[in-house]
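The residues making up each chain are set out below.
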Amino acid sequence: MTRRELPLTDHYDVKRGEDGHRYIVPLIRGFNLTRIPLLNKGTAFTAEERELLGLDGLLAPQVDSLEVLVERLYGDYSKLDDPMRRHTFLRNLQDRNEVQFYALLSRHVEEMLPIVYTPTVGEAVKRFSQIYRYPRGLTISTQNVARARQALANVPLNDVRIIVATDSSAILGIGDQGFGGMAISIGKLSLYTVAGGVGPDKTLPVELDVGTGRQDLRDDPHYLGVKHERLTGEAYLQFVDTFVEATLERYPKAIIQWEDFSKDAAFEVLHRYRRVVPSFNDDIQGTGAVVLAGVLNACRVKGERLAEQVVVVHGAGAGGAGVAAAIREGMRREGLDDAAISARVFVLDSRGLLTDDRDMEPYKRELATPRELAAGWSGTDLLSVIRDAKATVLLGLSGQGGIFSEEMVRAAAANTERPMVFPLSNPTANTEALPEDILRWTDGKALVATGSPFAPVTQAGQTYEIGQGNNAFIFPGLGFGAILARVREITDGMVTAAAYALAAYTEAHHPTRLYPPVAELSKASVEVAVAVIRQALADGVATEFEVRRLSGEELRAFVERKFWQPKHLPFRLE
Ligand SMILES: NC(=O)c1ccc[n+]([C@@H]2O[C@H](COP(=O)([O-])OP(=O)(O)OC[C@H]3O[C@@H](n4cnc5c(N)ncnc54)[C@H](O)[C@@H]3O)[C@@H](O)[C@H]2O)c1
Ligand SMILES: O=C(O)C[C@H](O)C(=O)O
Ligand SMILES: [Mn+2]
């Protein structure tokens with residue numbers, strides 16, 4: 001077997017012994033072993049391994065258990081008081097020792113998610129060139145795209161199953177971030193492992209560095225990306241084509257999650273490749289599913305149906321359009337036809353309500369309101385739409401911090417006993433309104449969920465948990481399910497199934513909440529993965545024989561068994 005054909009990486013192979021347990025066969029020895037994050041055990045290398053692998057004398061005498069190591073790391077972590085310091089601490093740990101990183105993260109998910117992910121990851125994106133230390137993932141840039149196949153061949157992983165790729169054109173609500181967007185791909189994939197059960201050796205973060213529209217970045221001597229304007233049009237599509245082609249060749253089993261592409265490319269990229277490679281756009285589809293789940297739960301809490309709601313979506317980019325489409329699908333499933341739905345779902349962009357007499361991008365057209373419906377209204381701005389359409393649900397995906405005013409929230413509260421107000425834009429500074437303000441303005445009546453994490457709000461002696469309506473509750477399970485079923489394609493049905501599975505999990509375990517607590521991310525993801533596999537089977541896109549044979553509880557047990565756990569595997573030489 002040549003090195004290139006090895007099942008896992010250039011550095012090692014994983015085998016299963018006669019006892020059924022897995023072990024590592026390293027292809028490198030000695031000091032170098034401590035420099036490969038997927039192999040390094042640090043002081044957890046046993047006495048036998050140290051002798052066997054040429055590590056004797058290179059490590060501290062003490063042999064640590066993973067438990068003790070994690071405890072010590074947590075002690076160090078806890079002494080850091082600044083979120084960015086904590087982020088770089090965890091990122092450095094990840095680049096040094098992946099098992100320890102995931103062991104630490106999985107024991108403190110609720111505390112550490114806001115550090116490796118939203119909102120701190122937003123800051124990490126902005127400062128990525130500053131905090132850059134070790135290579136991680138794959139960067140295809142205008143400098144190497146002509147050699148994309150070679151670049152992919154250099155990646156030391158031979159069985160990648162999930163790729164998160166961004167072109168950094170619309171990172172969270174903070175816009176074009178050039179090369180820094182790599183931090184988002186890395187952060188999303190950390191969730192795939194801790195919450196979605198995909199082993200870190202099966203994940204690959206990708207930055208598609210097509211340039212940046214930001215002059216300040218291009219002028220910055222410390223900026224690490226390519227320094228020219230963004231590619232657009234044909235040149236841009238050719239670039240992405242080249243990446244997809246080379247990826248298909250090297251990783252034929254991989255799924256691609258498109259992340260944080262601005263609306264100008266997001267829809268085109270999704271549709272161009274979704275039948276070429278199993279892929280989905282997280283901001284359009286993942287967000288649609290997570291918001292549909294939260295709204296369904298809020299309806300249940302209110303004792304109403306989705307089909308009775310009047311929904312206003314503020315923001316018509318990737319996130320807003322995806323959410324509007326998901327809500328429309330939910331209403332369709334409750335029996336409404338397109339005309340009835342269009343009288344209940346209203347979408348606004350920076351110019352106000354999308355009405356069908358306006359000039360607009362093609363993807364917005366199917367979300368537009370018939371002009372005559374708004375004929376007698378006082379206007380098509382957000383406040384007028386809330387009042388005149390009698391909105392009961394207000395969803396923020398515009399990235400405009402503070403744009404939901406007291407007057408607007410009170411206007412929604414005038415239409416219904418308990419309005420749903422979801423300021424979903426990230427990171428924290430982009431939140432459309434603060435939960436405590438929304439609850440104060442509505443005397444605690446509003447049902448609130450946010451995109452970024454917020455502490456519970458106490459008001460008039462009552463404490464309100466703030467659910468996190470973040471696609472983190474969808475994409476890890478969606479991707480994991482798609483991997484386990486070896487799907488040919490990720491269908492819309494699979495995405496919708498993910499939404500209903502998340503809603504059902506919340507109803508079963510937390511009947512008064514809109515979303516589960518973040519500490520239960522991995523449990524919820526298992527349910528999402530099970531539902532996604534079932535739907536893939538129903539849609540005829542699952543090619544994995546094993547899942548075809550399983551039913552009911554067997555499928556759940558299968559997913560749980562496949563869930564990667566951070567453990568140090570023993571080393572053996574062969
Ligand atoms: N909670 C989640 O899971 C989640 C998921 C995806 C996106 N988001 C958030 O949604 C926001 C938008 O992200 P995106 O991916 O859709 O970006 P995008 O660039 O595709 O779209 C942004 C859109 O915002 C709208 N907008 C901008 N200024 C506006 C204004 N003054 N009034 C009304 N609308 C305005 C426009 O319609 C624009 O298309 C971001 O802050 C992002 O963090 C949240
Ligand atoms: O990254 C997040 O926290 C959610 C979402 O994908 C976003 O772009 O805001
Ligand atoms: Mn995103």
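Here the structure is a predicted model, which means the values were calculated and not measured. (Residues numbered from 1 in each chain as written. Chains lettered and ligands numbered in written order. Predicted model: local features only at pLDDT ≥ 70, side-chain atom pairs only at ≥ 80, totals over all residues. Heavy atoms only, no water.)

S.K.: When you look at the pairing of strand β2 (residues 22–26) in this model, what are you seeing that I'm missing?
M.R.: A regular strand places its side chains on the two faces of the sheet in alternate fashion. Within β2, four of the five residues are buried, leaving the element largely enclosed by the surrounding structure. Summarising the sheet, strand β1 (residues 12–16) and β2 pair through five bridges and their orientation is antiparallel. Residue R16 lies in a different strand from β2, and its bridge partner there is R22. (Buried < 20%, exposed > 50% of the residue type's maximum accessible area, 1.4 Å probe, protein only. Helix = DSSP H or I, 4+ residues; strand = E, 2+ residues; numbered from the N terminus. Pairing = 2+ DSSP bridges.)

S.K.: What's the story with the coordination of the manganese ion (ligand 3) in this structure? I'm lost.
M.R.: In a perfect tetrahedron of four donors around a metal, the angles come out at 109.5 degrees. In a perfect octahedron of six, they are 90 or 180 degrees. Summarising the metal site, the manganese ion (ligand 3) is bound by the protein donors E259 (OE), D260 (OD) and D283 (OD), whose distances to it range over 2.1 Å. Each donor residue of the manganese ion (ligand 3) belongs to the same chain, with the gaps between them written as E-D-x22-D. Linking D260 in the loop between β6 (255–259) and α12 (263–273) with D283 in helix α13 (residues 282–302), this pair joins segments that are 23 residues apart in sequence. For D260, a relative accessible area of 2% gives the class buried. (Donors = N, O, S within 2.8 Å, 3.2 Å for Na, K, Ca; no water.)

S.K.: Whenever I open this one, the site of ligand 2 confuses me. Can you help?
M.R.: Taken together, Y117, T118, L172, K188, E259, D260, D282, D283, N426, N470 and N471 form the complete shell of residues around ligand 2. Contacts to ligand 2 include D283, whose side-chain N or O atom sits 3.0 Å from an oxygen atom. Here an oxygen atom of ligand 2 sits 2.9 Å away from a polar atom, N or O, in the side chain of N470. Looking at the shell around ligand 2 residue by residue, the class counts come to two nonpolar, four polar and five charged. (Near = heavy atom within 4 Å. Polar contact = N/O pair within 3.5 Å; in protein donor to acceptor, adjacent residues only side chain to side chain. Nonpolar A, V, L, I, M, F, W, Y, C, P; charged D, E, K, R; others polar.)

S.K.: Help me understand the packing of aromatic side chains in this model?
M.R.: Each aromatic ring pair is summarised here by two numbers: the centre-to-centre distance and the angle between the ring planes. Applying the stated criterion across every chain, the model contains 16 aromatic pairs. When the centroid spacing of 4.7 Å and the interplanar angle of 75° are considered together, the rings of F101 and Y102 count as edge-to-face. The class of F101 is buried, set by a relative accessible area of 1%. For Y102, a relative accessible area of 3% puts it in the buried group. For the ring pair Y192 and F475, a centre distance of 5.3 Å and an interplane angle of 50° mean the geometry is tilted. With a gap of 283 residues between them, Y192 in helix α9 (residues 182–194) and F475 in helix α20 (residues 475–484) connect regions that are remote in the sequence. A residue is classified by how much of its surface remains accessible, and Y192, at 0% relative accessible area, is buried. (Phe/Tyr/Trp six-rings, centres within 6.5 Å; stacked < 30°, edge-to-face > 60°.)

S.K.: Looking at this model, I keep getting lost on the UniProt feature "domain: Malic enzyme NAD-binding" (unreviewed entry) in the protein chain. Mind explaining?
M.R.: This chain's UniProt record puts "domain: Malic enzyme NAD-binding" (unreviewed entry) on residues 284–537. With 44% helix and 12% strand, the stretch residues 284–537 has end C-alpha atoms that lie 23 Å from each other. (UniProt positions renumbered as here; feature names shortened; annotations may be inferred.)

S.K.: Help me out: how do you make sense of helix α22 (residues 521–538) in this one?
M.R.: Helical periodicity: at 3.6 residues per turn, an α-helix aligns residues three or four positions apart in one direction. Compared with an ideal rise of 1.5 Å per residue, which puts 18 residues at 26 Å, α22 spans 26 Å between its outermost C-alpha atoms and is within 8% of the ideal. What α22 keeps buried is the set L521, A524, S525, V526, V528, A529, V530, A531, V532, I533 and A536. Contacts from the buried residues of α22 go to α5 (109–116), α9, α20, α21 (492–509), α23 (545–549) and α24 (552–562). One or two steps after α22, the chain reaches G540, where phi turns positive at roughly 70°. (Expected span 1.5 Å × (residues − 1). Contact = heavy atoms within 4.5 Å.)

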